[in-house]
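# Descriptive structure summary
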Amino acid sequence: MSSSFEKIRKFPRDTFFTSDLLLGDYSLINTKDKPGIREFDTVTDMDNAIIYGINSTVFPGDALFILGGFCADPSPGTIASYLDRLRCKNIYLIRGQLEYDHYKQSTFINSKQGLVGTKFITDLFEFVGDYYEIEVMSQRIILSRYPSRFWNGMEEGSWQLHGFTKGKADDYTYSHMYPVGTASCDIACTQLDVSVDNMYKITDERTRSYMPFSFSDLDLLMDGRQNIILNGECN
């Protein structure tokens, strides 16, 4: 398993993207005592819905990219228990803050104790890193946890996919600066937040809630965004 930058790899059309699953995170559930962004009665219900969304879409031989925020407790044991429930086994992780903090802590503890061969999260995925460039059906795709104002190949039509952002991080995403329908620059059409909560918001199909984005989904979406620009329907 690799945890460093690799040359651009070509992936088949059956490649999927998601982020911010945050499995096991009770704080996301909307209750009468506290607001939340997900409508579930229990964490178990939430986890089951997200796992079902992935398993009903991604087959064992497909590739799945998770752009950070896999689960609330990013310890290897917890991650492994969730991965065992996913039928796809070709899973690539772009580290988010949760994974990065745990990785640093684990490395420090085991280095201090002089342990060798401890199972880190890098052992559980096909790839773990902060950045990845891939190509699907001749389309270059830049993958990172956070959005960038500039990315490799942006002027040649490459896509940048990233996870959920809030606060000051929004200042660095064109998809925030120029939302669909009001864009004044083509770049806005090739950058997307692929967080699991964004699928329903973008497709307006409740049956697709908590499903990852397929390459085909993104291809149609990006093409639709470009048509908005070409037809002069934006400012």
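Note: the structure precedes this text.
Here is a short report on the structure shown in this document. Computed from a prediction, not measured in an experiment: that's the story for all the values here. (Residues numbered from 1 in each chain as written. Predicted model: local features only at pLDDT ≥ 70, side-chain atom pairs only at ≥ 80, totals over all residues. Heavy atoms only, no water.)

Time to look at the environment of Tyr210. Its location among the elements puts Tyr210 in the loop between α5 (198-203) and β10 (213-214). By relative accessible area, Tyr210 is classed as buried at 15%. Sequence separation of Tyr210 and Ile50 is 160 residues, and the distance between their C-alpha atoms is 5.2 Å. Here Tyr210 is in contact with Arg38, Phe40, Ala49, Ile50, Gly53, Ile54, Val196 and Asp197, once residues within four sequence places are set aside. (Helix = DSSP H or I, 4+ residues; strand = E, 2+ residues; numbered from the N terminus. Buried < 20%, exposed > 50% of the residue type's maximum accessible area, 1.4 Å probe, protein only. Contact = heavy atoms within 4.5 Å.)

What follows concerns the sheet that holds strand β5 (residues 127-129). Spatially, the 5 strands line up as an open sheet ordered β5-β4-β3-β2-β10, and their pairing is mixed. Where the open sheet ends on each side, the last strands, each with one partner, are β5 and β10. Where strand β2 (residues 15-18) and strand β3 (residues 63-66) come together, 4 bridges link them in parallel fashion. Each residue of the ladder has a partner; that of Thr18, found in β3, is Ile66. (Pairing = 2+ DSSP bridges.)

Taken together, the buried positions of helix α2 (residues 76-83) are Pro76, Thr78, Ile79, Tyr82 and Leu83. For α2, the angular spread of buried residues about the axis comes to 165 degrees, placing them on one side. (Arc of directions from axis to C-beta.)

This paragraph deals with the pairing of β3. Taking every second residue as pointing to the same face, both faces of β3 are buried, with Ala63 and Phe65 on one and Leu64 and Ile66 on the other. In this fold, β2 hands off to helix α1 (residues 43-55), which returns the chain to β3; that crossover is right-handed. Relative to strand β4 (residues 91-94), β3 runs parallel, the two sharing 3 bridges. Residue pairing across strands places Phe65 opposite Tyr92, the latter belonging to β4. The handedness of the β3 to β4 crossover, carried by α2, is right-handed. (Right-handed = clockwise from strand over helix to strand, strands pointing away.)

Each turn of an α-helix holds 3.6 residues, which means side chains three or four residues apart point in the same direction. Over its 13 residues, α1 runs 18 Å from end to end, which matches the ideal 18 Å to within 8%, given 1.5 Å per residue. Taken residue by residue, α1 has Met46, Asp47, Ile50, Ile51, Gly53, Ile54 and Asn55 as its buried positions. Where α1 is buried, its residues meet β3 and α2. (Expected span 1.5 Å × (residues − 1).)

Another aspect to go through is the pattern of salt bridges. As a working rule, side chains carrying opposite charge can pair if their charged atoms are close by. Applying the stated criterion to the full structure yields 6 salt bridges. With a shortest N-O distance of 2.9 Å, Arg38 and Asp197 are connected by a salt bridge. Linking Arg38 in the loop between β2 and α1 with Asp197 in the loop between β9 (191-193) and α5, this pair joins segments that are 159 residues apart in sequence. Each of the two residues, Arg38 as well as Asp197, counts as buried. In this structure, Arg208 and Asp217 form a salt bridge, with 2.7 Å as the shortest nitrogen-oxygen distance. (Salt bridge = Lys/Arg side-chain N within 4 Å of Asp/Glu carboxyl O.)

Below, the discussion takes up the pairing of strand β7 (residues 139-144). Of all 6 residues making up β7, 5 are buried, and the element is well covered by its neighbours. When strand β6 (residues 131-136) meets β7, the two strands line up antiparallel, connected through 6 bridges. Within the sheet, the bridge partner assigned to Ile134 lies in β7 and is Ile141. Turn length for the β6-β7 hairpin, with the two strands adjacent in sequence and antiparallel, is 2 residues, and the turn residue Met137 shows positive phi of about 50 degrees.

Functional significance is not addressed by these values, which are geometric in nature.
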